[in-house]
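# Coordinate inspection notes
One-letter residues, chain by chain:
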Amino acid sequence: MASASWNRRHVLSLADFTAAEFETVMETAVSFWQVLSRRTRKVPALQGLVVTNMFFEPSTRTRSSFELAAKRLSADVLNFAPGTSSLTKGETILDTAKTYLAMGTNLMVIRHQEAGVPGAIAAEMDRLNTGVGVLNGGDGLHAHPSQALLDLFTLGLTLDPDQPTASLIKGKKIALVGDILHSRVARSNLWCLTACGAEVHLAAPPTLLPPGFADAFITQSPIDIPRAIVQHSTLAPALEGADFVMTLRLQKERMAQHLLPSLREYHQGFGVTRDRIQSCQPTVKVLHPGPVNRGVEISSDLMDDPNLSLISDQVTSGVAVRMALLYLMGVGKKGGEGVGE
Ligand SMILES: N[C@@H](CC(=O)O)C(=O)O
Ligand SMILES: NC(=O)OP(=O)(O)O
């Protein structure tokens, strides 16, 4: 099991991930991908560890696939639901996390509507010297690292189903279309795709992709590596010759004001359709992190076309990639075992 390039306790963002770390996640995910295709889809790798899912914001895919991933690794799983928790009696988030710590939690997966909450909990866990690892399941518009990693794995599987690696996307043109401004998926994908050598083309109306966004993004990079990002205020140049098109949901819950004339007009300008992807490479595939607003960011028929859409594949990849993350972060902790057979 590969873990040569791994010494992270927490995964909060992909901004400082190196190409070697992306490869480590991919190699580890491949091992679990193979496990998931066997008749017995479970390994004892994290037996005795406790993984706690703390989702303060709604989720279908991320929460459930982290739960399944942890169970496939034989960890015990606790699921916290804010609406029925003692949060409603005034308990703070940090005290909630400490309560789960007292129950023996080793790994916490945290989603919150405010950027920085998983990071604050990770800092508190470190301050208390707990050894607990925190995985960011999506915080505000900051980051959604496991989503970008499963997107990378899906791209790798598409390019080489036998040996999906991160370096396969080197030199590929990837269009990222939609509500870039409010999207944590866009930000995590930008760090990931550019570190692996892809050329990313952003397309959105200026209200969702302010002028200068790409340059400002690149200057925030905490590591000194070349990152290729081009931004467009119309869809056509981003799609022209693209190898992959990633569509993004309009994050209405994060729009403080009306940023679009109407959903119909948005679809006319930036909706990804079968017709519009004619200008892409003939092998083009379309992705979307989900949940999808059918007929808004992507046409319904394109979304459902198994020859063009990777949306279901992304969900399937998510389990293997989240197993890889939990494994890399959890192995060696008290109670964890080897990957076994
Ligand atoms: N599910 C993803 C994408 C989305 O909601 O549009 C997220 O939580 O960021
Ligand atoms: N893609 C994603 O994070 O989906 P959920 O919000 O359903 O978890």
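Residues numbered from 1 in each chain as written. Chains lettered and ligands numbered in written order. Predicted model: local features only at pLDDT ≥ 70, side-chain atom pairs only at ≥ 80, totals over all residues. Heavy atoms only, no water.

In the nomenclature of an unreviewed UniProt entry, the protein chain corresponds to Aspartate carbamoyltransferase from the organism Phormidium tenue NIES-30. Under the UniProt heading Function (unreviewed entry), the note attached to the protein chain is "Catalyzes the condensation of carbamoyl phosphate and aspartate to form carbamoyl aspartate and inorganic phosphate, the committed step in the de novo pyrimidine nucleotide biosynthesis pathway." (UniProt positions renumbered as here; feature names shortened; annotations may be inferred.)

## Focus on the packing of helix H5 (residues 145-159) against helix H11 (residues 311-330)
Any two packed helices are characterised by how steeply their axes cross, that is the angle between the axes, and by the distance between the axes. Where H5 meets H11, the closest approach of the two axes is 8 Å, and the angle between their N-to-C directions is 115°. Both H5 and H11 take part in a crossing whose hand is right-handed. In contact with Ser 146, Gln 147, Leu 149, Leu 150, Asp 151, Phe 153, Thr 154 and Leu 157 of H5, H11 contributes Asp 313, Gln 314, Ser 317, Gly 318, Ala 320, Val 321, Arg 322 and Leu 325. (Axes fitted to C-alpha atoms, helices over the stretch in contact; angles between N-to-C directions. Helix = DSSP H or I, 4+ residues; strand = E, 2+ residues; numbered from the N terminus. Left-handed = near helix turned anticlockwise from the far one by under 90°. Contact = heavy atoms within 4.5 Å.)

## Focus: the site of ligand 1
Neighbouring ligand 1 are the residues Arg 111, His 144, Arg 184, Val 185, Arg 249, Gln 251, Gly 290 and Pro 291. Arg 249 is positioned such that a nitrogen or oxygen atom in its side chain is 2.7 Å from an oxygen atom of ligand 1. Gln 251 is positioned such that a nitrogen or oxygen atom in its side chain is 2.7 Å from an oxygen atom of ligand 1. Isolated, ligand 1 exposes 260 Å² of accessible area, and the fraction of that covered by the protein chains is 92%. (Near = heavy atom within 4 Å. Polar contact = N/O pair within 3.5 Å; in protein donor to acceptor, adjacent residues only side chain to side chain. Areas by Shrake-Rupley, 256 points an atom, 1.4 Å probe, with all protein chains shown as cover.)

## So, the site of ligand 2
Every residue near ligand 2 is listed here: Ser 59, Thr 60, Arg 61, Thr 62, Arg 111, His 144, Gln 147, Pro 289 and Gly 290. Here an oxygen atom of ligand 2 and a backbone polar atom of Thr 60 are 2.8 Å apart. Note that a nitrogen atom of ligand 2 is positioned 3.0 Å from one of the side-chain N or O atoms of Gln 147. With the chains in place, 91% of the 260 Å² that ligand 2 exposes on its own is no longer accessible. For ligand 2, the cavity whose grid points lie within 2 Å of the majority of its atoms is the largest pocket. (1 Å grid on protein atoms, 1.4 Å probe; cavity = no way out; pocket = protein on both sides within 12 Å on 5 of 7 lines; lining within 4 Å. Sits in = over half its atoms within 2 Å of the grid points.)

## Focus: the sheet that holds strand S2 (residues 76-80)
Here we have four strands laid out as an open sheet, ordered S2-S1-S3-S4, and parallel in their pairing. For this open sheet the edge positions go to S2 and strand S4 (133-139), each flanked by a neighbour on one side alone. Adjacent strand axes in the sheet meet at a mean angle of 15° when their direction is disregarded. Contacts between H11 and the sheet are confined to strand S1 (50-55), strand S3 (107-112) and S4, with S4 contributing the most and set at about 150° to the helix. (Pairing = 2+ DSSP bridges.)

## A look at the packing of aromatic side chains
Applying the stated criterion across every chain yields a total of nine aromatic pairs. With a centroid separation of 5.5 Å and 75° between ring planes, the pair formed by Trp 33 and Phe 153 is classed as edge-to-face. Placement of the pair is Trp 33 in helix H1 (residues 19-36) and Phe 153 in helix H5, with a sequence separation of 120 residues. A network of ring pairs unites the aromatic residues Trp 6, Phe 17 and Phe 22 as a single cluster. (Phe/Tyr/Trp six-rings, centres within 6.5 Å; stacked < 30°, edge-to-face > 60°.)

## Overview of the pattern of salt bridges
Side-chain pairs of opposite charge can arise where the charged atoms are in close proximity. By the definition in use, this model includes twelve salt bridges. Note that Arg 9 and Asp 126 form a salt bridge whose closest N and O atoms lie 3.2 Å from each other. Separated by 117 residues along the polypeptide, Arg 9 in the segment before H1 and Asp 126 in helix H4 (residues 117-127) bring together distant segments of the chain. Arg 9 sits in the partly exposed class, given a relative accessible area of 40%. The residue Arg 294 makes a salt bridge to Asp 304 at a minimum N-O spacing of 2.9 Å. A residue pair is termed long-range when its members are at least 10 positions apart, and Arg 294 in the loop between strand S9 (285-287) and helix H10 (300-303) and Asp 304 in the loop between H10 and H11 qualify at ten residues. Overall, the relative accessible area of 45% leaves Arg 294 in the partly exposed class. Members of the salt-bridge network, linked through shared partners, are Arg 8, Asp 16 and Glu 21. (Salt bridge = Lys/Arg side-chain N within 4 Å of Asp/Glu carboxyl O. Buried < 20%, exposed > 50% of the residue type's maximum accessible area, 1.4 Å probe, protein only.)

## Examining empty space enclosed by the protein
The gaps left among the atoms become clear once a water-sized probe is rolled over them. Per the stated rule, a full pass over the model turns up two cavities of 30 Å³ or more. Reported here for the largest cavity is a volume of approximately 60 Å³. Surrounding the largest cavity, Arg 61, Ser 65, Gln 147, Leu 150, Pro 289, Gln 314, Val 315 and Arg 322 form its lining. Every element with two or more residues in the lining of the largest cavity is listed here: helix H2 (61-72), H5 and H11. Sorting elements by how many residues they give to the lining of the largest cavity places H11 first, with three residues. Among the residues forming the lining of the largest cavity, the class breakdown is three nonpolar, three polar and two charged. Roughly 30 Å³ of volume is contained in the second largest cavity. (Points joined across faces, edges and corners; volume = space filled by probe spheres on them. Nonpolar A, V, L, I, M, F, W, Y, C, P; charged D, E, K, R; others polar.)

## Here we look at the UniProt feature "binding site: carbamoyl phosphate" (unreviewed entry) in the protein chain
According to UniProt, the "binding site: carbamoyl phosphate" (unreviewed entry) feature falls on Arg 61, Thr 62, Arg 111, His 144, Gln 147, Gly 290 and Pro 291. Of the residues named above, Arg 61 and Gln 147 line the largest cavity. Checked against the element boundaries, Gly 290 lands in the loop between S9 and H10. Relative to the helices and strands, Pro 291 is located in the loop between S9 and H10. Given a relative accessible area of 41%, Pro 291 falls into the partly exposed group. With near-sequence residues (within four places) excluded, Pro 291 lies in contact with Arg 61, Arg 249 and Glu 297.

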